[in-house]
Amino acid sequence: MDQNQNGNRGPGRIDPEFLAYPLRGLADAALTRAAQLGASHSDFRAERIRGQQIGLSDGNLETVFDSDDLGLAVRVVVDGTWGFASAVDLTPEAAAQAAAEAVDVARVAAAINSEPIELADEPAHGDVTWLSAYEVDPFGISVGEKIELLADWSGRLLAADGVNHVDASLLQVKECKFYTDGATTAAQQRVRLHPSLTAVAVGPDGRFETMRTLAPPAGRGYEYLTGTGWDFNSELAEIPGLLAAKLAAPSVDAGHYDLVIDPSNLFLTIHESIGHATELDRALGYEAAYAGTSFATFDKLGKLQYGSPIMHVTGDRTAEHGLATIGYDDEGVAGQSWDLISGGVLAGYQLDRRMAALKDLGRSNGCAFGDSPSHMPIQRMANVSLQPAVGGPSTQELIGGVTDGIYIVGDKSWSIDMQRYNFQFTGQRFFRIKNGQLAGQLRDVAYQATTTDFWNSMEAVGGPETYVLGGAFNCGKGQPGQVAPVSHGCPSVVMRGIRILNTAQEAGA
Amino acid sequence: MSGQFQSAQSPPALSPQDAVERALQVAKSDDCLVIADESSSANLRWAGNTLTTNGVSRSRQLTVIAISRGHDGARVGVVSRAGVTDDQIPDIVAEAEHEAAEGPTAEDAQPLVTSAAGAADGDWDQLPAATEIGVFAHFAQELGGAFATAASSGRKLYGFAEHDLTSTYLGSSTGLRLRHDQPTGRLELNAKSADMAKSAWAGISTPDFKNVDVSSLEADLAQRLGWADRSVELPADRYETLLPPTALADLLIYMYWSAGAKDALDGRTVFSKPGGGTRIGERLSGLPLSLHSDPAAPGLKAAPFVIAHASSRDSSVFDNGLSKGHTDWIANGTLAALTQTRYTAHLSGEPVTPAIDNLIMDVPDPAGSLADLVGKTGRGLLLTCLWYIREVDPQTLLLTGLTRDGVYLIENGEVTAAVNNFRFNESPVGMLSRITEVGATTPTLPREWGDYFTRAAMPPVRVEGFNMSSVSQAS
């Protein structure tokens with residue numbers, strides 16, 4: 001077994017309870033049965049996904065929920081048609097039965113299939129093992145210890161003047177996967193955490209405001225909560241003052257402003273306006289009825305001026321601590337990194353093996369993912385990141401270059417249309433910029449733009465010291481709906497002349 | 001079980017009933033709840049007149065809720081596992097009990113329910129119900145025919161069909177033995193012109209795919225694409241707008257999800273009263289609107305008792321098994337209730353009104369069908385559905401989102417052209433006071449929230465001054 005060099009700082013072994021299942025025997029039973037029934041391609045996954053959700057309200061325990069999803073999945077191609085089936089029992093009989101069901105599904109579905117499935121070639125990787133980069137398995141820490149930590153953090157916020165309520169939550173996932181298609185057999189494990197605290201202030205007139213921590217979800221272990229990768233103590237100390245100032249802040253005047261956007265806000269705009277727009281299955285119309293299509297159609301590859309020339313966006317499944325990072329995807333394709341936008345021009349797409357074959361793009365760049373053994377893998381988002389400028393300015397220097405603008409920090413509300421043109425975002429904190437200086441907070445702020453107008457208005461990109469890896473656990477796509485974790489790194493940026501709405505006025509105030 | 005679906009072909013090694021009994025038998029905690037869920041699902045998805053993905057899946061989940069009671073309150077541990085075998089059950093129960101022992105007290109603690117007034121719609125002893133790919137056998141043939149019709153007319157069909165059947169068995173140390181079978185099915189059909197510039201959508205909710213008329217839906221979509229032969233560009237503005245049932249459902253479902261009593265009491269929702277308390281009793285519409293839920297609503301049947309795998313702001317594991325009945329959320333235009341657990345009901349002094357998995361709006365004297373409302377419109381917009389709805393401001397419950405798959409201009413009682421799409425910014429609560437006309441209620445599939453909420457019946461409504469905030473280039 002080959003130990004992948006990426007992320008091999010973890011506890012060094014995949015969950016022994018998962019590996020104790022007869023994974024190879026299950027796979028043999030499934031793949032043999034599929035071949036006997038006429039499948040021209042078959043692959044097998046077994047997964048164990050442990051989750052734990054803890055929620056506190058005003059320091060009191062509200063939710064504690066431990067989940068453990070276990071199962072196997074068989075995907076086949078029969079006479080050019082997909083078939084997929086899953087089972088919950090990890091027995092050879094269930095695996096063979098799932099293979100037979102997958103073949104049945106393909107035969108029923110053949111009545112509505114007119115496009116034979118072909119898959120791009122991928123080198124055989126043999127037997128491989130991969131673990132994500134983490135130090136402390138969160139499932140090795142007692143629930144009581146985690147609740148105590150969240151209660152302590154909640155208590156610090158509640159003790160501050162002006163904080164009326166505090167919500168605290170901690171989501172934890174440990175994902176174990178076994179995949180084989182005969183050529184590549186991969187055993188993998190990754191861990192991720194999402195801690196979050198929200199403080200609420202209610203004014204005497206009934207008006208209320210909230211402020212949430214900026215700590216992003218991360219592909220890290222429990223060490224993330226104890227000082228590695230984020231300084232929670234400093235952030236918690238700042239929140240009551242920031243919240244009080246937000247509650248007292250003036251309502252924004254709607255209009256056009258220059259913006260300095262912090263990575264804690266920009267990551268989500270990248271996700272919606274670049275990440276989804278550069279998925280080839282969307283660009284080709286395969287998500288047209290649900291998630292939508294993309295304005296970045298295939299005929300624009302290499303031509304579309306997506307943004308200003310300083311815009312360099314990459315896709316990867318390799319970034320350390322990235323939520324979409326993995327050694328091998330759910331089609332056995334090794335993790336890679338590639339350009340999506342270079343010099344502001346559309347340069348590439350995110351692919352799975354079918355999409356790569358459809359457009360003769362050669363090898364897939366490894367974006368197939370199924371969020372559970374119950375779901376068929378589809379093309380899902382890689383880590384999509386805006387690269388910083390080498391030797392570029394600090395956030396303070398970027399603010400210093402703005403005469404009349406707003407500095408936006410933290411994500412909140414988001415929405416974009418089904419071709420990824422028109423979007424609207426809000427945030428956690430909005431600071432007025434006057435003559436290169438911050439001049440207090442604003443409230444009721446949302447920014448609205450068309451994707452290419454927005455990215456072509458990008459005048460400056462911050463340096464590497466402004467770069468932060470943000471992300472989300474819950475990117476949705478596909479039918480049946482699947483959720484995927486994904487990260488987006490970016491620096492602070494300056495955007496010129498963006499439309500700002502007053503959300504109170506939008507509501508009819 | 002209603003009998004139209006086969007039972008699981010080969011019973012699992014451990015039946016859900018036996019799993020529940022076994023867990024309760026080995027439990028040592030003061031109280032224990034056990035929930036066994038058996039689910040099966042089948043789906044087909046297509047794009048551009050051809051299949052894209054498909055599948056069948058089964059899942060089996062056992063959730064153990066251990067409750068340790070002491071002089072200072074009750075502590076809870078919840079552990080949920082898939083694919084549990086008999087020999088694993090003692091470990092799962094022990095794990096839940098360990099979590100309960102080391103955690104703090106739960107703020108929503110109550111005595112467990114000892115009897116349920118709501119009747120479970122199936123025998124405890126029956127095998128779990130199951131669905132399989134054959135549920136689509138007839139439908140897939142019809143769909144193939146619709147693909148041929150569409151292709152010959154230069155149209156492309158996209159969409160998704162899904163059928164899911166979940167049997168839930170709830171047992172408790174206080175003697176509850178309740179079972180509920182929940183079939184959920186939906187069909188979404190989207191037609192586009194060959195150049196993808198025109199789009200129309202239709203969706204239905206169905207418990208069994210038995211009477212799905214694909215050719216009729218395809219013909220309706222073809223008519224709507226025909227409406228788009230003429231198109232006009234309109235700017236962002238506030239427009240008189242006709243919302244079809246699916247669009248109204250999506251807005252009101254989000255409002256329903258935001259109607260938790262706990263947050264309202266905390267002063268942090270649109271339903272909070274400035275200075276304290278809630279807005280229950282406040283008139284939200286001048287029309288005699290009724291918004292209600294009912295587990296027994298024909299065609300929209302939902303669980304008649306509380307099934308809570310974990311506590312949250314709006315649900316409590318302690319309420320498991322509590323009977324649900326018809327609940328008015330808005331009665332005669334006035335806010336009548338918020339979603340309540342027994343815990344929040346105690347805090348608010350209001351009746352216990354748990355959330356129910358369906359939503360219905362109607363009025364005593366509806367103004368006719370959507371076509372009737374179109375016929376009475378001088379100039380206004382007709383929407384098809386809404387998309388990417390997200391909360392912008394909880395204070396007003398301002399929501400943003402997009403129009404999708406057909407916005408039409410109505411002039412002098414007729415659809416005269418297709419219009420560009422818009423981004424809207426609207427609050428469903430504020431909008432209630434600007435609904436000027438309400439049509440007849442019909443079952444509908446919520447386009448935006450159909451992944452989570454399929455059981456709705458809504459009327460078409462006329463809204464004055466619907467806020468189209470900007471133009472979307474999307475088609």
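Here goes a summary of the coordinates provided. (Residues numbered from 1 in each chain as written. Chains lettered and ligands numbered in written order. Predicted model: local features only at pLDDT ≥ 70, side-chain atom pairs only at ≥ 80, totals over all residues. Heavy atoms only, no water.)

## Considering the sheet that holds strand E10 (residues 313-316) of chain A
Residues and elements named next belong to chain A. What counts, and what does not: Only when DSSP finds a minimum of two bridges between them are two strands counted as paired. Where helices and strands are cited, they refer to DSSP runs of H or I of at least four residues and of E of at least two residues respectively, numbered from the N terminus. The contact criterion used throughout is that any non-hydrogen atoms of two residues lie within 4.5 Å. Helix axes are fitted only over the stretch in contact, all axes being lines through C-alpha atoms; the angle between N-to-C directions runs from 0 to 180 degrees.
Taken in spatial order, the four strands line up as E12-E11-E10-E15 in an open sheet, and their pairing is antiparallel. Only two strands of the sheet have a single partner each, and these edge strands are strand E12 (345-346) and strand E15 (383-386). Both strand E11 (residues 337-342) and E12 contribute to a ladder of two bridges, which runs antiparallel. From the neighbouring strand, Ile 341 faces E12, where its bridge partner is Leu 346. Where helix H6 (residues 263-275) meets the sheet, it contacts E10, E11 and E15, and its direction lies at approximately 115° from that of E15.

## What to know about the interface of chain B and chain A
Our working definition: As used in this structure description, the phrase polar contact means that two N or O atoms lie within 3.5 Å; if the pair is within protein, one of them must be able to donate a hydrogen and the other to accept it, and residues adjacent in sequence are counted only when both atoms belong to side chains. Side-chain classes follow a simple rule in which Ala, Val, Leu, Ile, Met, Phe, Trp, Tyr, Cys and Pro form the nonpolar group, Asp, Glu, Lys and Arg form the charged group, and the remainder, Gly included, forms the polar group.
Across the contact, 90 residues belong to chain B and 86 residues belong to chain A. Taken together, the connections running from chain B to chain A amount to 49 residue pairs in polar contact (both at pLDDT 80 or more). Residue contributions to the side of chain B that touches chain A peak at 13 residues, all from strand E2 (residues 50-70) of chain B. Of the residues that constitute the side of chain B that touches chain A, the class distribution is 27 nonpolar, 39 polar and 24 charged. In this sheet, strand E3 (residues 73-82) of chain B lies alongside strand E3 (residues 60-78) of chain A in parallel orientation, the contact comprising three bridges.

## A word on the packing of aromatic side chains
Cut-off, in case you're wondering: Centres within 6.5 Å make a pair out of two Phe, Tyr or Trp rings, where for Trp the six-membered ring is used; the pair is then stacked when the planes are under 30 degrees apart, edge-to-face when over 60, and tilted otherwise. For each residue, the accessible area found with a 1.4 Å probe, counting protein chains only, is set against the maximum for its type, and the residue is called buried under 20%, exposed over 50%, and partly exposed in between.
Under the definition given, this model contains 30 aromatic pairs over all chains. Look at A:Phe423 and A:Phe454: their rings are 5.1 Å apart centre to centre, the planes differ by 85°, and that puts the pair in the edge-to-face class. Of the two residues, A:Phe423 is situated in strand E17 (residues 422-434) and A:Phe454 in helix H10 (residues 451-456); the sequence distance between them amounts to 31 residues. Judged on exposure class, the residue A:Phe423 and its partner A:Phe454 are both buried. Between the aromatic rings of B:Trp124 and B:Tyr169, the centroid separation amounts to 5.6 Å while the plane-to-plane angle is 80°, which identifies the pairing as edge-to-face. With a gap of 45 residues between them, B:Trp124 in the loop between helix H2 (89-102) and helix H3 (137-152) and B:Tyr169 in strand E4 (residues 155-172) connect regions that are remote in the sequence. The structure contains a cluster of three or more aromatic residues connected by ring pairs, namely B:Tyr254, B:Tyr256, B:Trp257, B:Trp329, B:Trp449, B:Tyr452 and B:Phe453.

## Focus on the state of the cysteines
Each disulfide consists of a covalent bond between the sulfur atoms of two cysteine residues. Residues and elements named next belong to chain A. As a reminder, the rule being used: Any two cysteine sulfur atoms lying within 2.5 Å of each other are counted as a disulfide.
Scanning the entire structure with this criterion turns up zero disulfides over all chains. Sulfur of Cys 490: no disulfide; nearest cysteine sulfur belongs to Cys 475 and is 16 Å away. Here Cys 490 falls in the buried class, since its relative accessible area comes to 0%.

## Regarding the pattern of salt bridges
Here is the rule we go by: Salt bridges are identified by distance alone: a Lys or Arg side-chain nitrogen within 4 Å of an Asp or Glu carboxyl oxygen.
With the rule as written, the count across this model stands at 66 salt bridges over all chains. A salt bridge links A:Arg429 to A:Glu235; the nearest nitrogen and oxygen atoms lie 3.7 Å apart. Here A:Arg429, found in strand E17, pairs with A:Glu235, found in helix H5 (residues 232-248); they are 194 residues apart in sequence, far enough to count as distant. Note on A:Arg429: relative accessible area 5%, which makes it buried. When its relative accessible area of 7% is taken as the criterion, A:Glu235 is described as buried. One salt-bridge network, held together by shared partners, links B:Glu162, B:Arg186, B:Glu188, B:Lys192, B:Arg404, B:Asp405, B:Arg447 and B:Asp451.

## Examining the packing of helix H4 (residues 143-158) of chain A against H5(A)
Packed helix pairs are characterised by how far apart their axes lie and by the angle those axes make with each other. Residues and elements named next belong to chain A. Put simply, the rule reads: Working definition: roughly parallel below 35 degrees, roughly antiparallel above 145 degrees, roughly perpendicular at 65 to 115 degrees, and oblique for all remaining angles. Helix crossings get a hand from a simple test, with the near helix turned counterclockwise from the far one by less than a right angle marking a left-handed crossing and a clockwise turn marking a right-handed one.
Axis separation between H4 and H5 bottoms out at 9 Å; the angle between their running directions is 30°. Our classification of the angle between H4 and H5 gives roughly parallel. For the crossing formed where H4 meets H5, the hand is right-handed. Taking contact as the criterion, the partners of Trp 153, Arg 156 and Leu 157 in H4 are, on H5, Phe 232, Asn 233, Leu 236, Ile 239 and Pro 240. Residue classes in the contact of H4 with H5 are distributed as six nonpolar, one polar and one charged.

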